[in-house]
Amino acid sequence: MPSKKKNTEKEAIEQWSKECHFSKQEVEGLVQQFRRLCTAAHKGGPGNKMKLDRTKFRDVLHNTFNMTDDIIMDRVFRAFDKDSDSYVSMEEYVKGLSVFIRGNVGEKLAYCFDVYDLNGDGYISREEMFHMLKNCMIKQPSEEDPDEGIKDLVEITLKKMDHDHDSRLSYKDFEISVKEEPLLLEAFGPCLPDNKVN
């Protein structure tokens, strides 16, 4: 039986290397890394032994990619967790990292939009922008209400990116804006690794 499992894993690695931006050797390395992470996460404890839970995945984002924003890390977890079972499987890990690290512009656009669409309704609303931008801003001691500055920033963002003028960003609005100004890809917080990671 173990030999059949090995063949199935070899076949999966072969398939994933064809479907993503990693070579077969890189996929093998990611599978080994995933196994180590799962083993460390479940030492002596209950839980799904070959999947990463939210906490362990957040540790990976923080320790490997220097992510610190709780909202963004939760949304990155959801972007990786394609089957919404509250775990990241080996396949989700490999394919998610493929887009996260080496995705093309279209893949990264869809990924970032998915991360920023906090409630999953297909739009980035004023409220969602406010929550994400609030975490990005440095608090300054002043007499002015700090939320006012964030509200102003949301309005400026909508003027720049809301091409259909419906007071929210659709995927199409986001796509047009990023094509016009690529820096807007991570307008609501860093959800991709630095370019140094490859």
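Read on for an overview of the structure.

Calculation rules
All chains use their own residue numbering, which begins from 1 and follows the written sequence. Where local features are concerned, this predicted model is filtered to residues with pLDDT of at least 70; where side-chain atom pairs are given and counted, the filter is 80 or more; whole-chain, interface and lining totals use all residues. Each side-chain value is worked out from all heavy atoms of the structure, with water and hydrogens disregarded. In plain words, nonpolar cores are sets of buried Ala, Val, Leu, Ile, Met, Phe, Trp, Tyr and Cys residues tied together by side-chain atoms within 4.5 Å. Burial status follows relative accessibility: with a 1.4 Å probe on protein chains alone, a residue under 20% of its type maximum counts as buried, one over 50% as exposed, and anything between as partly exposed. Numbering of helices and strands starts at the N terminus; helices are DSSP runs of H or I of at least 4 residues and strands are runs of E of at least 2. By definition in these notes, contact holds between two residues if any of their heavy atoms fall within 4.5 Å. Pairs were defined over the aromatic rings of Phe, Tyr and Trp, the Trp ring being its six-membered one, requiring ring centres within 6.5 Å. Orientation was assigned from the angle between planes: stacked under 30 degrees, edge-to-face over 60, tilted for the rest. In this scheme, the term charge over a ring applies when either NZ of a lysine or CZ of an arginine sits within 6 Å of the ring centre and within 35 degrees of the ring normal. Axis angles are defined between N-to-C directions and span 0 to 180 degrees, where every axis is a line fitted to C-alpha atoms and, for a helix, only to the segment in contact. Should an angle fall under 35 degrees it is called roughly parallel, over 145 degrees roughly antiparallel, and 65 to 115 degrees roughly perpendicular, with every other angle called oblique. Side-chain classes follow a simple rule in which Ala, Val, Leu, Ile, Met, Phe, Trp, Tyr, Cys and Pro form the nonpolar group, Asp, Glu, Lys and Arg form the charged group, and the remainder, Gly included, forms the polar group. The span one expects for a helix is its residue count, reduced by one, times 1.5 Å.

A separate point is the nonpolar core. Val76, Tyr93, Phe100, Tyr111, Tyr116 and Phe174 are the most contacted members of the largest nonpolar core, which has 53 residues in total. Of all the elements, helix 5 (residues 90–102) adds the most residues to this core, at 7 residues. Not counting residues up to four positions away in its chain, the partners in contact with Tyr111 are Val76, Ala79, Phe80, Val99, Phe100, Cys191 and Leu192.

Take the packing of aromatic side chains next. Applying the stated criterion across every chain yields a total of 10 aromatic pairs. Seen from their ring centres, Phe100 and Tyr111 are 6.0 Å apart, and the 80° between their planes marks the pair as edge-to-face. Pair noted here: Phe100 is in helix 5 and Tyr111 is in helix 6 (residues 105–116), with a separation of 11 residues, a long-range link. The two residues Phe100 and Tyr111 agree in class, both being buried. Ring geometry for Phe113 versus Phe174: centroids 5.8 Å apart, planes at 55°, classification tilted. Within this pair, whereas Phe113 is found in helix 6, its partner Phe174 is found in helix 9 (residues 171–180), the two being separated by 61 residues in sequence. A relative accessible area of 7% means that Phe113 is categorised as buried. For Arg168, the ring lying beneath its charged end belongs to Tyr123, and the centroid distance is 3.4 Å.

Turning to the packing of helix 5 against helix 6, a few remarks are in order. For the pair helix 5 and helix 6, interaxial distance at closest approach is 9 Å and the crossing angle is 110°. Between helix 5 and helix 6, the angle falls in the class roughly perpendicular. Seen from helix 5, the contacting residues are Val99, Phe100, Ile101 and Arg102; seen from helix 6, they are Glu107, Lys108 and Tyr111. Across the contact of helix 5 with helix 6, the residue classes break down as 4 nonpolar, no polar and 3 charged.

Compared with the 18 Å implied by 1.5 Å per residue over 13 residues, the 18 Å span of helix 5 between its first and last C-alpha is a close match. With 10 of 13 residues buried, helix 5 lies mostly within the body of the structure. Along helix 5, the positions that sit buried rather than exposed are Met90, Glu92, Tyr93, Val94, Gly96, Leu97, Ser98, Val99, Phe100 and Ile101.

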